[in-house]
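# Summary of the model geometry
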Amino acid sequence: FIVGACAGLVQSIPIIAAANTAADRLEQLEQKLGQIVRQSDEIAPPASTGFRRIELRDVEFHYATGKADTVFKVGPFNFTLNSGDLVILTGGNGSGKSTFMKLLAGFYRPASGELLLDGEPVSDDASYERYRSLITAIFPDFHLFQRLYGLGEPDPAELNRMLTQFKLQDKTGLSHGEFRTVDLSSGQRRRLALVVAQLEQRPLLLLDEWAADQDPEFRRKFYFDFLPALHRAGVTVVAISHDDRYIDEMDVTMRRLRMDEGRFTELSSVETG
């Protein structure tokens, strides 16, 4: 009996040690993020507050797979995004939509071609940092922090309005820059991420299949209320979507792009409704 208990205790030691190490690293990250936030106003250059035009010129990107004959390539892209545009990108799975979005977000750097912000190349670390300061993005694998890093205490009335709009007022709330909980369903977490994106008030919002796991009520709100309201407010939005039926019924001026096998196969600017 003693041998069995001792063996179980010994076997659990590596698991406990790994858990302690992971907890220590999380605590160190929390402290580092807090320090960065406190120092940002003193050492960081002022963030960009707007832009006139973003361009991708002959941009290509490829994933290296280790086999020369199986490299997935997207592009070349020639794409211009003007301030205030609403762009909806559609296409089949694996067509390259998310890769294009990550190029536009500055997460991926082009293998060839160039990215320009108001006519100036975005090429080095400093220019990429300035470029990314314009953007809020919600990708399918987003992470939702419980604390609002880099944001002051928002207006309580405005925050309550947004939480009510997305039916989250009874699920969570904000106190001293921290949500009571982010332990929510996947659809609720995505809605809360959209609330945070609005609090950041950046001029360019990128949404990759935001409505994919929403129920019909919020799917309709997204296309018929939220996107038109952002467009009227002058926010530039690029959204990936599979909901052609909703897009066809939207009453807003937009650009619709379709992607197939890593390239745009259709470009149009339409006013639907």
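Scroll up to find the structure.
The structure reproduced in this document is the subject of the present report. Note that the coordinates shown come from a computational prediction; the quantities given were computed from them, not determined experimentally.

### Some remarks on the overall build of the protein chain
Tallying secondary structure elements over the protein chain gives 7 helices and 12 strands in all. Principal-axis analysis of the C-alpha atoms gives the protein chain an extent of 75 × 55 × 45 Å. Counting across all 273 residues of the protein chain, residues that qualify as buried make up 41%. The contacts of the protein chain with a sequence gap of at least 6 include a subset with a gap of at least 24, amounting to 67%.

### A word on the pattern of salt bridges
On inspection of all chains with the given rule, the structure shows 14 salt bridges. Among the ionic pairs, Lys-167 bridges to Glu-217, the shortest N-O distance being 3.0 Å. With Lys-167 in the loop between α4 (156-165) and β7 (174-175) and Glu-217 in helix α6 (residues 216-232), this pair connects stretches of sequence that are 50 residues apart. Overall, Lys-167 belongs to the partly exposed group, its relative accessible area being 45%. The salt bridge involving Arg-256 is made with Asp-248; its shortest N-O contact spans 2.7 Å. A network of salt bridges, in which partner residues are shared, links Arg-53, Glu-55, Arg-57 and Glu-114.

### A closer look at the nonpolar core
Leu-192, Leu-205, Leu-207, Leu-227 and Val-237 are the most contacted members of the largest nonpolar core, which has 40 residues in total. Among the elements of the structure, β3 (86-91), α4, α5 (186-200), β9 (204-208), α6, β10 (236-240) and α7 (244-249) are those that each provide at least two residues to this core. A per-element tally of this core places α5 first, with 7 residues. Setting aside its immediate chain neighbours within four residues, Leu-192 contacts Leu-144, Leu-163, Leu-168, Thr-172, Phe-179, Thr-181, Val-182 and Leu-184. Core analysis: the next-biggest nonpolar cluster, separate from the first, contains 31 residues, Leu-81, Leu-117, Val-122 and Leu-134 among them.

### What about the packing of α4 against α5?
At a minimum axis distance of 10 Å, the contact between α4 and α5 shows a crossing angle of 150°. Here α4 lies roughly antiparallel to α5, going by the angle between them. Judged by the sense of rotation from one axis to the other, the crossing of α4 with α5 is right-handed. Across the interface between the two elements, Leu-159, Met-162 and Leu-163 of α4 pack against Leu-192, Val-195, Gln-198 and Leu-199 of α5.

### As for the side chain of Asp-118
Within the secondary structure layout, Asp-118 lies in the loop between β4 (112-117) and β5 (120-121). In this structure Asp-118 is buried but unpaired, with Arg-52 as the nearest side chain of opposite charge at 4.2 Å. Polar side-chain contacts of Asp-118 include one of 2.7 Å to the backbone nitrogen of Arg-52. Once residues lying within four places of it in the same chain are set aside, the contact partners of Asp-118 are Phe-51, Arg-52 and Arg-53.

### Some words on unusual backbone geometry
Of all residues except glycine, most have a negative phi; of all peptide bonds, most are trans. Note the cis peptide between Gly-75 and Pro-76, where omega equals 5°. Mapped onto the elements, Pro-76 comes out in strand β2 (residues 72-82). Located in the positive-phi region is Asp-118, a residue other than glycine, with phi close to 50°. In this structure, Gln-201 is a non-glycine residue whose phi angle is positive, near 55°.

### Here's the deal with α5
Between the first and last C-alpha of α5 there are 21 Å, a value that for 15 residues agrees with the 21 Å anticipated at 1.5 Å per step. Taken as a whole, α5 has its buried residues at Gly-187, Gln-188, Arg-190, Arg-191, Leu-192, Ala-193, Leu-194, Val-195, Val-196, Ala-197, Gln-198 and Leu-199. In the core, the buried residues of α5 are packed alongside β6 (135-138), α4, β8 (178-179), β9 and α6. After α5 finishes, the residue Gln-201 shows a positive phi value of roughly 55°.

Each value, and the rule that gives it
Residues numbered from 1 in each chain as written. Predicted model: local features only at pLDDT ≥ 70, side-chain atom pairs only at ≥ 80, totals over all residues. Heavy atoms only, no water. Helix = DSSP H or I, 4+ residues; strand = E, 2+ residues; numbered from the N terminus. Buried < 20%, exposed > 50% of the residue type's maximum accessible area, 1.4 Å probe, protein only. Contact = heavy atoms within 4.5 Å. Salt bridge = Lys/Arg side-chain N within 4 Å of Asp/Glu carboxyl O. Core = buried A, V, L, I, M, F, W, Y, C linked by side-chain atoms within 4.5 Å. Axes fitted to C-alpha atoms, helices over the stretch in contact; angles between N-to-C directions. Parallel < 35°, antiparallel > 145°, perpendicular 65-115°, else oblique. Left-handed = near helix turned anticlockwise from the far one by under 90°. Lys, Arg positive; Asp, Glu negative; His and termini not counted. Polar contact = N/O pair within 3.5 Å; in protein donor to acceptor, adjacent residues only side chain to side chain. Expected span 1.5 Å × (residues − 1).

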